[in-house]
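# Per-entry structural report
What follows is the residue order along each chain.
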Amino acid sequence: MNGWTVAATAALAGGVGATVWGVATGPLRRRVVAQNLSTSLACPSLLLLAQGYDRPSYVDPALVLALLGPVGTLVFARLLAEDLEKDPPKAPWLTYAASGFGAVVVLVLCVVGGPDRAMGKLLVTGALLVGGNLIASRALAGGIAGSRHG
Amino acid sequence: MDDPLIVVTLLLVAACATAAVAVRDPERQALVLAVLGTTLAVLFTVLQAPDVALSQLAVGSALTPLLLLLSVRKVRRRGRKKDKAR
Amino acid sequence: MTRRVRLWILAVGGAGLAALLVAACLELPGFGGTSHPYGDRAVRASLARRTANTIASINFDQRAFDTLGEMSILFASVLGTVVLLRQTRDERRAKPEPAYVALPVRRYALIVLPVALLTGLYVIAHGQLSPGGGFQGGVVAATALHLLYLGADYRALERIRPVGLYEVGDALAASAYLVTGLAGLIGGAAFLANTLLPYGTFNTLSSGGTVPLLNAAIGMEVACAVVVLLARFLDQAVEIEQEGGT
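Residues numbered from 1 in each chain as written. Chains lettered and ligands numbered in written order. Predicted model: local features only at pLDDT ≥ 70, side-chain atom pairs only at ≥ 80, totals over all residues.

## Some thoughts on the interface of chain C and chain B
At the junction of the two partners, chain C supplies 21 residues and chain B supplies 18 residues. Elements represented by at least two residues in the side of chain C that touches chain B include exactly helix 6 (134-145) and helix 10 (211-239) of chain C. Taken together, the residues that form the side of chain C that touches chain B break down as 11 nonpolar, 10 polar and no charged. (Contact = placed C-beta atoms within 7 Å. Helix = DSSP H or I, 4+ residues; strand = E, 2+ residues; numbered from the N terminus. Nonpolar A, V, L, I, M, F, W, Y, C, P; charged D, E, K, R; others polar.)

Laid out in structure tokens, this is it:
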């Protein structure tokens, strides 16, 4: 264990643990937000793990999660639109906090790693993660309106 | 097993998998499954298997929920039509 | 066969499986130990063939025949889906109504689509160097196309997705894998043997002999298979309706 893996453990136990609880209980609006947050908390943990194990190639799973996690949330926003319209989710502060956490982790890792090709990949991952989560939460809160056959 | 990281991720996966079985509504189950996929990917990374983690993420985060929800939508639509016809 | 007999057969089979599993688990090396008999041999073999990612070496070189089986399973299951979910005589197609999608969401989908496609290709191309490979990259690339359905509407997706072409691509990629395997027979080597091409320089894109070729074939096969699979599901969920309301 080093500092990076300790930070990842804390983020997993606190953050991802809370989203597991959130997605397993409560009304639909809470569950979709928890699903979106699970991406924005697990992806920084994967980046921290890659740094902690000193394996730059472990950034690839984080990149794929940053890409496809928000796409998964868009799937829910699109196909559950009718249910979400009746009871739209509203958790802007939680979303901002989780996205901020992701941005901070990416920036810290960039500063530690120094400017090279790996930093480019980190920045792309961070941009996809933060942008994706904000857009996905917008889509959940009425960004996609349901149609019966669409 | 003395690594707290492994213990934490194993507990997360166990909790999420139990929830996936306990939730009865297929739409909510798809949500739990998506989170289960993410926790599984973290577990695979912790166990030094990033290839498996990538497979899990590629399939579990968008593809499985899409297939599940499309099937649910098809079944619901047929049910709705039958109600109308009655 | 009565219910009682069936239960007895199930119980005997289950007990046998449980006994074998317990016996196997008792002989396993301890969790997190330093002894990896299979791992050591696999790493040695993959380094001898200059493949940086041992997993890729196992999938596409040391146990390439297993991957052929897995690919056939995917191919057969997609074929089954195509047959099962076809449009039957008492069904008709209804035009899908476009959904309202907010502008930021639409823009996000259109920006991320090429990025995701590129990431999929990157994951496929670097399969022999870093984690990833044909399967993972193929799924990412195929999922990327469906951002058009999520961010715009189904008709936009249908325009860039001629399903027939993807079906041909699926079959072509599957046969490319077989042909590469058969090529291994040239020079008296075995089916799918990695003896045809030079192994190249360690940790470069062209290293590993036939590994990159087989990897690319799997990538194309998986991407096409997932597109065809999702096309059938989307058709059923969005377009196809039963006539007469029954």
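Back to the write-up after that little detour.
## Some words on the UniProt feature "transmembrane region" (unreviewed entry) in chain A
Following the UniProt record, one finds the feature "transmembrane region" (unreviewed entry) at residues 62-81 and 93-112 of chain A. As annotated, residues 62-81 of chain A has a helix share of 95% and a strand share of 0%, and its two end C-alpha atoms lie 28 Å apart. (UniProt positions renumbered as here; feature names shortened; annotations may be inferred.)

## With respect to the packing of helix 1 (residues 3-24) of chain A against helix 2 (residues 28-53) of chain A
Residue and element names in this part refer to chain A. Where helix 1 contacts helix 2, the two axes come as close as 8 Å, and the packing angle between them is 165 degrees. With respect to helix 2, the element helix 1 is oriented roughly antiparallel. Crossing geometry of helix 1 relative to helix 2 is assigned as left-handed. Residue composition of the contact of helix 1 with helix 2, grouped by class: 14 nonpolar, 9 polar and 2 charged. (Axes fitted to C-alpha atoms, helices over the stretch in contact; angles between N-to-C directions. Parallel < 35°, antiparallel > 145°, perpendicular 65-115°, else oblique. Left-handed = near helix turned anticlockwise from the far one by under 90°.)

## So, the UniProt feature "transmembrane region" (unreviewed entry) in chain C
Residue and element names in this part refer to chain C. Per the UniProt record, the feature "transmembrane region" (unreviewed entry) sits at residues 67-85, 105-125, 131-150, 171-193 and 213-234. Here residues 131-150 is 80% helix and 0% strand, with 28 Å between the C-alpha atoms at its ends. Secondary structure across residues 213-234 comprises 100% helix and 0% strand; the distance between its end C-alpha atoms is 32 Å.

## Observations regarding the packing of helix 4 (residues 64-84) of chain C against helix 9 (residues 163-183) of chain C
All names here are of chain C. For the pair helix 4 and helix 9, the least separation of the axes is 11 Å and the interaxial angle reads 160 degrees. As summarised for this structure, helix 4 and helix 9 are arranged roughly antiparallel, according to the angle between their axes. You can see that helix 4 and helix 9 cross each other, and the crossing is left-handed. On helix 9, the residues touching Leu 68, Met 71, Phe 75 and Val 78 of helix 4 are Asp 170, Ala 174, Tyr 177 and Gly 181. Residues that form the contact of helix 4 with helix 9 fall into these classes: 6 nonpolar, 1 polar and 1 charged.

## A few points about unusual backbone geometry
The phi angle of most residues is negative, glycine excepted, and most peptide bonds adopt the trans form. Not every positive phi belongs to a glycine, and Gln 48 of chain B is a case in point at roughly 65 degrees. Summarising the element assignment, Gln 48 of chain B is placed in the loop between helix 2 (26-46) and helix 3 (50-85). Judged by the 11 C-beta atoms lying within 10 Å of it, Gln 48 of chain B is exposed. Notably, Asn 203 of chain C is not glycine yet its phi reads approximately 65 degrees, a positive angle. Along the chain, Asn 203 of chain C turns up in the loop between helix 9 and helix 10. (Buried ≥ 20, exposed ≤ 12 C-beta atoms within 10 Å, placed from the backbone.)

## Points about the interface of chain B and chain A
At the interface, 32 residues of chain B touch 35 residues of chain A. The set of elements that each furnish at least two residues to the side of chain B that touches chain A consists of helix 1 (4-22), helix 2 and helix 3 of chain B. No other element matches the 12 residues that helix 2 of chain B contributes to the side of chain B that touches chain A. Looking at side-chain class alone, the side of chain B that touches chain A contains 24 nonpolar, 5 polar and 3 charged residues.

## Remarks on the environment of Gln 87 of chain C
Residue and element names in this part refer to chain C. For Gln 87, the position within the fold is in the loop between helix 4 and strand 1 (91-93). Classification of Gln 87 by C-beta neighbours within 10 Å gives partly exposed; the count is 13. Separated by 57 residues in the primary sequence, Gln 87 and Ala 144 place their C-alpha atoms 26 Å from one another.

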